Amino acid sequence: MRASAARDPSGLERAVDVAALIFLLLVAWQLMYQVAGDVAMTTPLQTVRYTAELLASADFWPHFVTTGRAFLGALLIATVGGSIAGMLLGFHRLAGEVAEPMLVALYSIPKVVLYPIILLIFGLGLTSEIAFGALHGLVATRPTPLKRAHLAHTPHVSCTYWDPAHDVAVAECAARWL
């Protein structure tokens with residue numbers, strides 16, 4: 001037996017793990033409801049019932065189709081636009097080095113701040129939804145010498161977020177170039 005096969009759970013073990021996780025999340029949800037009450041949230045059962053009613057409603061599906069169109073339009077624009085921008089910036093080193101700080105600065109801005117500008121440009125409707133979605137999908141980054149050196153030395157990345165009104169959130173991950 002290979003070492004990797006010994007670590008991989010079987011399909012049944014994985015299904016049991018997923019079922020246990022879902023069960024624990026539902027129990028935690030119910031306990032949070034008991035603490036917070038009706039003012040703050042609903043029970044899992046109430047949520048499932050409301051979702052079933054919503055899915056059976058004739059009013060739901062036109063909105064679902066419109067959201068799907070906006071999502072697919074934004075996905076298409078982000079995929080094609082991001083691929084073209086990535087190739088142009090990747091093939092022309094100087095253009096990539098010049099554009100990267102601007103793109104990083106633009107991407108660090110919370111997108112909700114840009115929504116009024118998008119509304120002014122595109123107006124209310126599907127077009128502004130597509131533009132806003134595409135803006136979220138366009139991420140430009142490339143392997144700079146600094147990034148290559150960092151990942152060659154240590155591929156582990158730690159991200160920490162702190163706000164005085166909230167707890168600290170920490171994410172640990174291993175990064176690599178694809």
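Residues numbered from 1 in each chain as written. Predicted model: local features only at pLDDT ≥ 70, side-chain atom pairs only at ≥ 80, totals over all residues. Heavy atoms only, no water.

Chemist: I keep staring at the overall build of the protein and nothing clicks. Help me out?
Modeler: Helix and strand counts for the protein come out as 8 helices and 2 strands. Along the chain direction, N to C, the helices and strands of the protein fall in the order α-α-α-α-α-α-α-α-β-β. Counting only residues that meet the buried cut, the protein has 13% of its 178 residues in that class. For the protein, long-range pairs separated by at least 24 residues make up 41% of all intrachain contacts whose partners lie at least 6 apart in sequence. (Helix = DSSP H or I, 4+ residues; strand = E, 2+ residues; numbered from the N terminus. Buried < 20%, exposed > 50% of the residue type's maximum accessible area, 1.4 Å probe, protein only. Contact = heavy atoms within 4.5 Å.)

Chemist: What is the right way to look at the side chain of Lys-111 in this model?
Modeler: Turning to its location among the elements, Lys-111 is positioned in helix 6 (residues 111-122). What makes Lys-111 buried here is its relative accessible area of 11%. A polar contact of 3.0 Å, which involves the side chain of Lys-111, links it to the backbone oxygen of Ile-109. Excluding anything up to four places from it in sequence, Lys-111 contacts Leu-106, Phe-132, Leu-135 and His-136. (Polar contact = N/O pair within 3.5 Å; in protein donor to acceptor, adjacent residues only side chain to side chain.)

Chemist: Could you clarify how one ought to interpret the packing of aromatic side chains in this entry?
Modeler: Describing an aromatic ring pair means giving the distance of the ring centres and the angle of the ring planes. Applying the stated rule across the entire model yields 4 aromatic pairs. Taking 4.8 Å as the distance between ring centres and 85° as the angle between the ring planes, the aromatic pair formed by Phe-60 and Trp-61 counts as edge-to-face. With a relative accessible area of 38%, Trp-61 lands in the partly exposed category. Where Trp-61 meets Phe-64, the ring centres are 5.2 Å apart and the plane angle is 75°; that geometry is what we call edge-to-face. (Phe/Tyr/Trp six-rings, centres within 6.5 Å; stacked < 30°, edge-to-face > 60°.)

Chemist: Help me out: how do you make sense of the side chain of Ser-128 in this one?
Modeler: Examined against the element boundaries, Ser-128 turns out to sit in helix 7 (residues 126-137). At 2.9 Å, the side chain of Ser-128 and the backbone oxygen of Gly-125 are in polar contact.

Chemist: Explain the packing of helix 6 against helix 7 to me, please; I cannot follow it from the model alone.
Modeler: Think of two packed helices as two axes; the pair is described by the angle between the axes and how far apart they sit. Where helix 6 contacts helix 7, the axes come no closer than 9 Å and their chain directions differ by 140°. You can see that helix 6 and helix 7 cross each other, and the crossing is right-handed. Counted together, Lys-111, Val-112, Leu-114, Tyr-115, Ile-118, Leu-119 and Phe-122 of helix 6 and Thr-127, Ser-128, Ala-131, Phe-132, Leu-135 and His-136 of helix 7 form the full contact between these two elements. Here the residues of the contact of helix 6 with helix 7 sort into 9 nonpolar, 3 polar and 1 charged. (Axes fitted to C-alpha atoms, helices over the stretch in contact; angles between N-to-C directions. Left-handed = near helix turned anticlockwise from the far one by under 90°. Nonpolar A, V, L, I, M, F, W, Y, C, P; charged D, E, K, R; others polar.)

Chemist: Please explain the confidence of the model for the protein as it appears in this structure.
Modeler: Low pLDDT means the predicted atomic positions in that stretch should not be read closely. Residues with a pLDDT of 70 or more make up 87% of the protein, whose mean pLDDT is 83. Taking the mean pLDDT of every element in the protein, the minimum, 51, falls on helix 1 (residues 3-7) and the maximum, 95, on helix 3 (residues 44-56). The low-confidence segment residues 1-5, where pLDDT is below 50, has 1 contact with residues more than four positions distant or belonging to other chains. (pLDDT = per-residue confidence, 0-100.)

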